[in-house]
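# Coordinate analysis (summary)
One-letter residues, chain by chain:
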Amino acid sequence: MKLLDDIRASIQHAMNGAFYRKRFAGMEIGDIKTMDDFHKIPYTDKDDLRDAYPMGLLAVPDERIVRIHSSSGTTGTPVIIPYTQKDVGDWAIMFKRCYETAGITSIDRIHITPGYGLWTAGIGFQAGAELLGAMAIPMGPGNTDKQIQMMIDMKSTVLCATSSYALLLAEEIEKRGVRDQIFLKKGVIGSERWGDKMRRRIAGELGVELYDIYGLTEIYGPGIGINCECDSAMHMWTDYFYYEIIDPKTGDLLPEGEMGELVITTLRKEGAPLIRYRTHDLTRSVPGMCACGREYPRIATLIGRSDDMVKVRGAIIYPSRVDELLSAIDGVSSEYQIMIDHLNGRDILTLFFETELQIGAPSASLEKVVENEFRQHIGIASRARAVSMGELPRSEKKSTRVFDNRY
Ligand code: ZN
């Protein structure tokens, strides 16, 4: 079986590095005879990679490394991912495939707002654009005035951004009344959980078709999957990696179609191969063939991170469920924040949402509606608080929706 052979070769190669040599000590490649055997191999988690700092993952001689990237942990030691020439090339090939899947061609002008530097975002978007033969406009984040001016002057046709930055730009373009000078046709939005309402707002305000691109620094970077014109599910480039969906609590492999955590094993990575790496992204695999005819398997839009799931008074809350619930209420915008506090022996959940209504009496009745809907759909009481449009922070990176102040 080709997949199993590829997996075994990748494990064997990974054991050239100090980290996996130690982790898999005593294991023989010959012991992995079936996919079931493979599925018994321990997972690799981000915390494990911190132990490998700085170069414990390195599976080739030093001189073959042409670049490093790093993913910042929320706390403590970063993770260093070394890339060979082939890794950098493979990543660009996958990224080019993403652009092509989104119908982007060499005549497009690709406006890149994700950051450049140690993290993988900006440079991945750029390498893919150049390989495609399109024109990259390497803006990086920030300086909204300059972003919009360049977008107008360079006639950018594709915007690459996080969903919250795309929303901010859409709002600024609207505010300045320059929409008729904007040439954007498509938005390639870096994978993060985002609700339908936000998607509709960005698409509507910018007048673009939106594509969801997936990836993470540990596995190349963004560009390892994207949705096509037929559906919101993302095709995954499984000629470069193998993925599984597991129960984040028990670690058990889940049947096709069930929601769980995405786990990835690289098949061709030279510099820093990863075996059964836990992404902490929550999704499900989408069964069946896509109407577009591409045979690459698909995962559904991310519904959040397994570490964002919060439990309040016995109810499990995924940010995506809050997105859904708010998007059904008239007068509530797509921006919200949840604060969880522990006061007088009790967990209190406060939900801040933006509205165009005047704050005071007009917004107070909307707060009641939100509280009722929240109780009905999530199963617990909340305090809803309306704030004016633009009051909640927009972020150039992934936005944080839930602030848990209990611990
Ligand atoms: Zn498709």
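That block above? That's the structure.
Quick caveat, the model's predicted, so the values are computed rather than measured.

## Section: the sheet that holds strand β20 (residues 383-388)
Taken in spatial order, the 4 strands line up as β20-β19-β18-β21 in an open sheet, and their pairing is mixed. With one partner strand each, in any of the chains shown, β20 and β21 (402-404) form the two edges of the open sheet. Averaged over all pairs of adjacent strands, the angle between strand axes in this sheet comes to 20°, irrespective of strand direction. Alignment of strand β18 (residues 332-343) against strand β19 (residues 346-355), held across 9 bridges, turns out to be antiparallel. From the neighbouring strand, Y336 faces β19, where its bridge partner is F353.

## So, the sheet that holds strand β7 (residues 209-216)
Here we have 9 strands laid out as an open sheet, ordered β4-β3-β5-β6-β7-β8-β9-β14-β13, and mixed in their pairing. Of all the strands in the sheet, the pair left with one neighbour each is β4 (135-138) and β13 (285-286). Strand direction decides the pairing type here: strand β8 (residues 221-227) and strand β9 (residues 234-236), joined by 3 bridges, are antiparallel. Paired with G225 across the bridge in β9 is M236. Sheet strands in contact with helix α6 (residues 121-132) are β3 (109-112), β4, β5 (158-161), β6 (186-190), β7 and β8, and its direction is about 175° off that of β3.

## Examining a nonpolar patch on the surface
Together, M55, I68 and L118 give the surface a local cluster of nonpolar side chains, amounting to about 250 Å² of exposed area. Mapped onto the elements of the fold, M55 is located in the loop between α4 (46-51) and β1 (65-71).

## Looking at helix α1 (residues 2-14)
Counted at 1.5 Å a residue, the expected span for α1 with its 13 residues is 18 Å, and the 18 Å between its end C-alpha atoms agrees. If you follow the buried residues of α1, they end up packed against α2 (18-23), α3 (35-38), β10 (241-246) and β11 (260-266).

## Describing the coordination of the zinc ion
Taken together, the protein ligands of the zinc ion are C228 (SG), H235 (NE2), C290 (SG) and C292 (SG), with distances of 2.1 to 2.3 Å. Mapped onto the sequence, the donors of the zinc ion take the spacing C-x6-H-x54-C-x1-C. With C228 in the loop between β8 and β9 and C290 in the loop between β13 and β14 (298-299), the pair connects residues that are 62 residues apart, well separated along the chain. For C228, a relative accessible area of 2% gives the class buried. For C290, a relative accessible area of 6% gives the class buried.

## Points about the pattern of salt bridges
Scanning the model with the defined rule gives 23 salt bridges in all. In this structure, R50 and D47 form a salt bridge, with 2.3 Å as the shortest nitrogen-oxygen distance. Taken together, the residues span about one helical turn, with R50 and D47 both in helix α4 at a distance of 3 residues. What emerges from the salt-bridge pattern is a single network uniting D145, E172, K175 and R176.

Reading the values: the criteria
- Residues numbered from 1 in each chain as written.
- Predicted model: local features only at pLDDT ≥ 70, side-chain atom pairs only at ≥ 80, totals over all residues.
- Heavy atoms only, no water.
- Pairing = 2+ DSSP bridges.
- Helix = DSSP H or I, 4+ residues; strand = E, 2+ residues; numbered from the N terminus.
- Axes fitted to C-alpha atoms, helices over the stretch in contact; angles between N-to-C directions.
- Contact = heavy atoms within 4.5 Å.
- Patch = residues over 30% accessible without salt bridge, like charges linked within 9 Å, V, L, I, M, F, W, Y side chains within 5 Å.
- Areas by Shrake-Rupley, 256 points an atom, 1.4 Å probe, with all protein chains shown as cover.
- Salt bridge = Lys/Arg side-chain N within 4 Å of Asp/Glu carboxyl O.
- Expected span 1.5 Å × (residues − 1).
- Donors = N, O, S within 2.8 Å, 3.2 Å for Na, K, Ca; no water.
- Buried < 20%, exposed > 50% of the residue type's maximum accessible area, 1.4 Å probe, protein only.

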